[in-house]
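Architecture and fold: a report
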Amino acid sequence: MPDAMDETAAAAERFDTLQKRGTAFLGTRHAILGGAMSWVSERHLVSAISNAGGFGVIACGAMPPALLEKEIEATKVLTDKPFGVNLITMHPQLDELIQVCVRQKASHVVFAGGIPSAAHIKAAKAAGALVIAFAPALVLAKRLIKSGADGLVIEGSEAGGHIGPVSLTVLAQEILPNITEVPVFVAGGIGRGEALLAYLEMGASGVQLGTLFAATTESIAHDNFKTAFIRAAARDAVPSVQLDERFPVIPVRGLVNEGTRRFMRHQAEVVEKFQSGALDKTAAQLEIEHFWAGALRRAVIEGDVESGSVMAGQSVGMVTAVQPAAEVIAALRAQAIAALVARGTRG
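What you see is a predicted model; the values in this text were computed from it and never measured. (Residues numbered from 1 in each chain as written. Predicted model: local features only at pLDDT ≥ 70, side-chain atom pairs only at ≥ 80, totals over all residues. Heavy atoms only, no water.)

Time to look at unusual backbone geometry. Even without being a glycine, Trp-39 presents a positive backbone phi close to 75°. With respect to the helices and strands, the residue Trp-39 is situated in the loop between β1 (32-34) and α3 (43-51). Although it is not a glycine, Lys-105 sits at a positive phi angle of roughly 55°. Mapped onto the fold, Lys-105 is located in the loop between α5 (94-103) and β4 (108-112). A relative accessible area of 65% means that Lys-105 is categorised as exposed. (Helix = DSSP H or I, 4+ residues; strand = E, 2+ residues; numbered from the N terminus. Buried < 20%, exposed > 50% of the residue type's maximum accessible area, 1.4 Å probe, protein only.)

Let's shift gears to the nonpolar core. By size, the foremost hydrophobic cluster in this structure holds 63 residues, and its most contacted members are Leu-152, Phe-213 and Phe-229. For this core, the element with the most residues is helix α15 (residues 325-346), which contributes 8 residues. Once residues lying within four places of it in the same chain are set aside, the contact partners of Phe-229 are Thr-211, Ala-214, Ala-215, Leu-255, Val-310, Met-311, Ala-312, Val-316 and Val-319. Core analysis: the second largest hydrophobic core is formed by 22 residues, Met-63, Leu-97, Val-100 and Val-131 among them. (Core = buried A, V, L, I, M, F, W, Y, C linked by side-chain atoms within 4.5 Å. Contact = heavy atoms within 4.5 Å.)

By the alternation rule, side chains of strand β8 (residues 184-187) split into Val-184 and Val-186 and Phe-185 and Ala-187, which are all buried. Across 4 bridges, the pairing between strand β6 (residues 151-155) and β8 is parallel. Residue pairing across strands places Glu-155 opposite Ala-187, the latter belonging to β8. This β-α-β element, β8 to helix α9 (residues 193-202) to strand β9 (residues 206-209), shows right-handed connectivity. (Pairing = 2+ DSSP bridges. Right-handed = clockwise from strand over helix to strand, strands pointing away.)

Moving on, we come to the packing of helix α4 (residues 65-78) against α5. Following both chains from N to C, one finds α4 and α5 inclined at 25°, their axes separated by 9 Å at the closest point. The angle between the axes of α4 and α5 places the two elements in the roughly parallel class. Handedness of the crossing formed by α4 with α5: right-handed. Two secondary-structure elements touch here, α4 through Pro-65, Leu-68, Glu-69 and Ile-72 and α5 through Glu-96, Leu-97, Val-100, Cys-101 and Arg-103. (Axes fitted to C-alpha atoms, helices over the stretch in contact; angles between N-to-C directions. Parallel < 35°, antiparallel > 145°, perpendicular 65-115°, else oblique. Left-handed = near helix turned anticlockwise from the far one by under 90°.)

Looking now at the sheet that holds strand β7 (residues 161-162). Read across the sheet, 3 strands follow the order β7-β11-β10 without closing on themselves; strand pairing throughout is antiparallel. Looking at which strands have only one partner, the edges of the open sheet turn out to be β7 and β10 (237-239). One ladder, built from 3 bridges, connects β10 with strand β11 (residues 252-255); its direction is antiparallel. Following the sheet pairing, Pro-239 is matched in β11 by Arg-253.

Bringing the packing of aromatic side chains into the picture now. In this structure the tally under the stated criterion is 6 aromatic pairs. Ring centres of Phe-263 and Trp-292 lie 5.6 Å apart, and the angle between their planes is 55°; this geometry places the pair in the tilted category. Taken together, the positions of Phe-263 in helix α12 (residues 258-276) and Trp-292 in the loop between α13 (281-289) and α14 (295-300) put the pair 29 residues apart, joining distant regions of the chain. On the basis of relative accessibility, which here comes to 24%, the residue Trp-292 falls in the partly exposed class. Relative to Trp-292, the ring of Phe-291 has its centre 4.9 Å away and its plane inclined at 85°; by these criteria the two rings are edge-to-face. One aromatic cluster is present, built from ring pairs that chain together Phe-263, Phe-291 and Trp-292. The ring of Trp-39 is capped by Arg-297, whose NZ or CZ atom sits 5.2 Å from the centre of that ring. (Phe/Tyr/Trp six-rings, centres within 6.5 Å; stacked < 30°, edge-to-face > 60°. Lys NZ or Arg CZ within 6 Å of the ring centre and 35° of its normal.)

In this section: the sheet that holds β9. Strand order in the open sheet formed by 8 strands is β1-β9-β8-β6-β5-β4-β3-β2, and the pairing between neighbours is parallel. The sheet terminates laterally at β1 and β2 (56-59), the two strands that pair on one side only. Pairwise comparison of adjacent strand axes, ignoring direction, gives a mean angle of 25° for this sheet. Sheet analysis places strand β3 (residues 83-88) next to β4, joined by 5 bridges and oriented parallel. Opposite Gly-84, over in β4, you have His-108 as the bridge partner. Relative to the sheet, α5 contacts β3 and β4, its axis offset from that of β3 by approximately 170°.

The structure is reproduced here in structure tokens:
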């Protein structure tokens, strides 16, 4: 009968082989990226993830170039391990932000919030950086590769924050068998090592996690924010609802609270004003869009989890305690290896 230690060692070797393409691409021990979360993914959390063998990613968000430069420099003080920089394609100073990454010799640049142009991808790679982009569909994945993307992330609607309409379960089946030219990382609703293992076996090179890291010890999020995560179930993380098709609402997944309920009332009031002629269509759309202005910061930094935007993915139900990022990563690895061992025992 095989020794239990031998079985575990063999399972660990198998697991590391499965994630080898991802770890080689990232330069890390674990093929686990930290999701770039505005106000959360800053120097402390990013360096903690990287120091634990994962791959931290700075969320540039709306930062001006000078602030991003300081954040990259501050992160380098806290870790000598690889980390990435996430840039939003709609940022009005995208060109300058790319140049910051070039000056700072960022090892990886992640483009999010839209499809980057071939010119922006080329500019980001000027100093040798690897470019990662989000691919919401197979046709766009192929286009991004032709434009020079070195790696892709496919993110399902289970994720927190701004989401697309398709679940990771479907995206993975559509994209993983058909994209082999570059590493593909999966994201959305992943909270255990068994899921990580399953996607690696489907052909993914690794995973991206946000929700599990948002409530870690190193996260600067307010204690109220972390407590809300611990108390929440998967069903509490829902997308924002659009009340009237004439006034589009970008879907954002977060925890239900008074703010989300008030947003529904606000939309109804604005639509009524539009129909009565008190507001034209442009003004009405702006009133709806401005409702959440500053709401994420209120929740994350100030701890207002009632009226603020508590962005969270459906994996929030698997957040049961505030723990160091290293423990989150270690648990995922242990769960994946245990699953391989159990499979061998059953076989």
